[in-house]
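Chain by chain, the residues:
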Amino acid sequence: MDDNVEQSELDIFWMQHALELAKQAESEGEVPVGAVVVHDEQVIGEGWNSPINDNDPTAHAEIMALRSAAKKINNYRLLDTTLYVTLEPCIMCTGAITHSRVKRVVYGATDPKAGAAESAFEILGTDYLNHQVEVARGVLASECGQILTDFFRRKRKEKKRDK
């Protein structure tokens, strides 16, 4: 984690909630990523990865949480909200985040190969788009990264055992 990252108590609290949602994904055989949309310190949407079970390549945790929030408030614009997600969002998810007008994204683990908040691409803060999103990174980064590391380690062992 970056030494410059300030982890507020609220950010830690909501990231712990997102980690619980990641565990839900894992229990369903999905890559353990969880996301929660918060407005005025209240959950308005949550989701976890489910592309395998839903046969839907767009069913990333962030997309599921955004859909849930939009339905709850009956508006596709999620103004003044914060999205907490355990893994840095990809290109698809950063596009959805931008279009939904989320104010702030807080993520845990970085994704050096596909992260589109700041790692591989820097979409959320770009001046090219009509909406910029505030980004906080590294909140509970080690916990968020560890659940993914453990998941993929277990999958590789299972694959090796099944050969």
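All values derive from a computational prediction rather than experimental measurement. (Residues numbered from 1 in each chain as written. Predicted model: local features only at pLDDT ≥ 70, side-chain atom pairs only at ≥ 80, totals over all residues. Heavy atoms only, no water.)

Draft legend 1. Structural view of the layout of surface pockets. Volume-wise, the largest pocket comes out at about 180 Å³. In terms of lining residues, the largest pocket is bounded by 14 residues, among which Val38, Asp40, Glu41, Thr82 and Tyr84 are the most central. Looking at the lining of the largest pocket, the elements that each hand over two or more residues are helix H1 (9-27), strand E1 (34-39) and strand E3 (82-87). With three residues, the top contributor of residues to the lining of the largest pocket is H1. (1 Å grid on protein atoms, 1.4 Å probe; cavity = no way out; pocket = protein on both sides within 12 Å on 5 of 7 lines; lining within 4 Å. Points joined across faces, edges and corners; volume = space filled by probe spheres on them. Helix = DSSP H or I, 4+ residues; strand = E, 2+ residues; numbered from the N terminus.)

Draft legend 2. Looking closely at the pattern of salt bridges. Scanning the entire structure with this criterion turns up eight salt bridges. Where glutamate 26 meets arginine 154, a salt bridge forms, and the shortest distance between an N and an O atom there is 2.2 Å. You can see glutamate 26 sitting in helix H1 and its partner arginine 154 sitting in helix H5 (residues 141-162), a full 128 residues away along the chain. A relative accessible area of 38% means that arginine 154 is categorised as partly exposed. Among the ionic pairs, arginine 137 bridges to glutamate 118, the shortest N-O distance being 3.7 Å. Within this pair, whereas arginine 137 is found in strand E5 (residues 134-137), its partner glutamate 118 is found in the loop between strand E4 (104-109) and E5, the two being separated by 19 residues in sequence. Among the residues examined, arginine 137 registers a relative accessible area of 29% and is labelled partly exposed. (Salt bridge = Lys/Arg side-chain N within 4 Å of Asp/Glu carboxyl O. Buried < 20%, exposed > 50% of the residue type's maximum accessible area, 1.4 Å probe, protein only.)

Draft legend 3. Expanded view of the sheet that holds E1. In space, the five strands of this open sheet follow the order E2-E1-E3-E4-E5, with mixed pairing throughout. Strand pairing shows two members of the sheet lacking a second neighbour, strand E2 (42-48) and E5, which therefore form its edges. Strand after strand, the sheet turns through a mean of 15° between neighbouring axes, direction not considered. In the sheet, E3 pairs with E4 via five bridges, with the strands oriented parallel. Bridged to leucine 83 within E4 is valine 105. Packing against the sheet, helix H3 (residues 61-73) makes contact with E1, E2 and E3, and its axis sits at approximately 140° to E2. Of the strands in this sheet, E3 and E4 touch H5, which is tilted by about 60° from E4. (Pairing = 2+ DSSP bridges. Axes fitted to C-alpha atoms, helices over the stretch in contact; angles between N-to-C directions. Contact = heavy atoms within 4.5 Å.)

Draft legend 4. The arrangement of the side chain of glutamate 30 in detail. With respect to the helices, strands and loops of the structure, glutamate 30 is situated in the loop between H1 and E1. Buried within the structure, glutamate 30 lacks any salt-bridge partner; its nearest side chain of opposite charge belongs to lysine 155, at an N-O separation of 9.1 Å. A polar contact is formed between the side chain of glutamate 30 and the backbone nitrogen of asparagine 53, at a distance of 2.7 Å. Apart from residues no more than four positions distant in its own chain, glutamate 30 is found in contact with Ala25, Asn49, Ser50, Pro51, Ile52, Asn53 and Phe151. (Lys, Arg positive; Asp, Glu negative; His and termini not counted. Polar contact = N/O pair within 3.5 Å; in protein donor to acceptor, adjacent residues only side chain to side chain.)

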